[in-house]
Amino acid sequence: CDRGDMYLTAGEEDLALKDYESALACNKNSALAHLRLSYVYEMQGFNEKAMKEADLCLRAKDKNFAAEGYMQKTSIRLRQKREADCIPIYTTLITSKDIHVGRADRAYLYLDRANAHLKLNKPELALKDTIEVQKIFEKPSVPFLRTRARTHVALKNYSAAIEDFTAAISNRSKSEVVNTA
């Protein structure tokens, strides 16, 4: 798969595809080859083929690639504007203990799920997820503050939304000063 990865990085999707297919000819249960093949198919716009390969990656039961396989599934579904399909996948990733999802990863998954809830017009659930993010990270990030502010707007809690938007702008300005120094 290393050569296929180099092809993929170079934008040579067809060569990468052939390399990953060759890897699968040698080991039909290679989680990595199925995962990478899923990436190629998604890049080519074959979303259902990409989803099938992501599922095959997960069926291989290789814990080293399980989290990435689930994330690939959310990527495909988000591209199709199917946020509702992502909610159970995020939940699986958040609650699984044995697939290499760390504490910080969980915070970002809660944030992703909160954004999906917002798109589905479920701000109460989005707010619960932002509370979980806040339990993990002491210092709120700009994406977190923006998501929580949008959640407050959806809940018509405008004063809290203004506080979060103001904090997000302030945090962004500070990071821009640090980045230009």
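Use the structure listed above.
Let me sum up the structure you'll find in this document.

Quick word on the overall build of the protein
Logical step 1: Along the backbone of the protein there are 10 helices and 0 strands.
Logical step 2: Secondary structure elements of the protein, listed N to C terminal, follow the sequence α-α-α-α-α-α-α-α-α-α.
Logical step 3: For the C-alpha atoms alone, the extent of the protein along its principal axes is close to 60 × 40 × 30 Å.
Logical step 4: The buried share of the protein, reckoned over its 181 residues, is 42%.

Here we look at the nonpolar core
Logical step 1: The biggest cluster of nonpolar side chains holds 22 residues, and the ones touching the most others in it are Leu93, Val101, Leu109 and Val133.
Logical step 2: Listed by contribution, the elements that provide at least two residues to this core are helix H5 (63-79), helix H6 (83-95), helix H7 (103-119), helix H8 (123-136) and helix H9 (142-154).
Logical step 3: Tallying contributions element by element places H6 first for this core, with 6 residues.
Logical step 4: Filtering out sequence-adjacent residues up to four positions away, Leu93 remains in contact with Ala67, Tyr70, Met71, Ile99, Val101, Arg106 and Leu109.
Logical step 5: By size, the runner-up hydrophobic cluster in this structure holds 13 residues, among which are Val40, Tyr41, Ala50 and Met51.

Overview of empty space enclosed by the protein
Logical step 1: This model, assessed by the stated rule, comprises 1 cavity of 30 Å³ or more.
Logical step 2: Taken as a whole, the largest cavity holds about 30 Å³ of empty space.
Logical step 3: If you trace the largest cavity, you find it lined by Ala107, Tyr108, Leu111, Val133, Phe137, Ser141 and Phe144.
Logical step 4: The element contributing the most residues to the lining of the largest cavity is H7, with 3 residues.
Logical step 5: By residue class, the composition of the lining of the largest cavity is 6 nonpolar, 1 polar and no charged.

A closer look at a nonpolar patch on the surface
Logical step 1: A cluster of nonpolar side chains, namely Val153, Tyr158 and Phe165, defines an oily patch on the protein surface of about 260 Å² accessible area.
Logical step 2: Within the secondary structure layout, Val153 lies in helix H9.

Brief notes about the state of the cysteines
Logical step 1: Tallied over the full model, the rule gives 0 disulfides.
Logical step 2: For the unlinked cysteine Cys86, the closest cysteine sulfur is that of Cys57, found at 16 Å.

Describing the side chain of Ser38
Logical step 1: When you line up the elements, Ser38 lands in helix H3 (residues 31-43).
Logical step 2: Separated by 3.0 Å, the side chains of Ser38 and Gln72 make a polar contact.
Logical step 3: Ignoring sequence-local partners within four residues, the contact set of Ser38 consists of Ala50, Glu53, Ala54, Gln72 and Ile76.

Points about H3
Logical step 1: Here H3 spans 19 Å end to end across 13 residues, near enough to the 18 Å set by a 1.5 Å rise per residue.
Logical step 2: The buried fraction of H3 amounts to 11 of the 13 residues, a majority that puts the element mostly inside the structure.
Logical step 3: Taken residue by residue, H3 has Ala31, Leu32, Ala33, His34, Leu35, Arg36, Leu37, Ser38, Val40, Tyr41 and Glu42 as its buried positions.
Logical step 4: One or two steps after H3, the chain reaches Gly45, where phi turns positive at roughly 90 degrees.

About the thresholds
- Residues numbered from 1 in each chain as written.
- Predicted model: local features only at pLDDT ≥ 70, side-chain atom pairs only at ≥ 80, totals over all residues.
- Heavy atoms only, no water.
- Helix = DSSP H or I, 4+ residues; strand = E, 2+ residues; numbered from the N terminus.
- Buried < 20%, exposed > 50% of the residue type's maximum accessible area, 1.4 Å probe, protein only.
- Core = buried A, V, L, I, M, F, W, Y, C linked by side-chain atoms within 4.5 Å.
- Contact = heavy atoms within 4.5 Å.
- 1 Å grid on protein atoms, 1.4 Å probe; cavity = no way out; pocket = protein on both sides within 12 Å on 5 of 7 lines; lining within 4 Å.
- Points joined across faces, edges and corners; volume = space filled by probe spheres on them.
- Nonpolar A, V, L, I, M, F, W, Y, C, P; charged D, E, K, R; others polar.
- Patch = residues over 30% accessible without salt bridge, like charges linked within 9 Å, V, L, I, M, F, W, Y side chains within 5 Å.
- Areas by Shrake-Rupley, 256 points an atom, 1.4 Å probe, with all protein chains shown as cover.
- Salt bridge = Lys/Arg side-chain N within 4 Å of Asp/Glu carboxyl O.
- Disulfide = S-S within 2.5 Å.
- Polar contact = N/O pair within 3.5 Å; in protein donor to acceptor, adjacent residues only side chain to side chain.
- Expected span 1.5 Å × (residues − 1).

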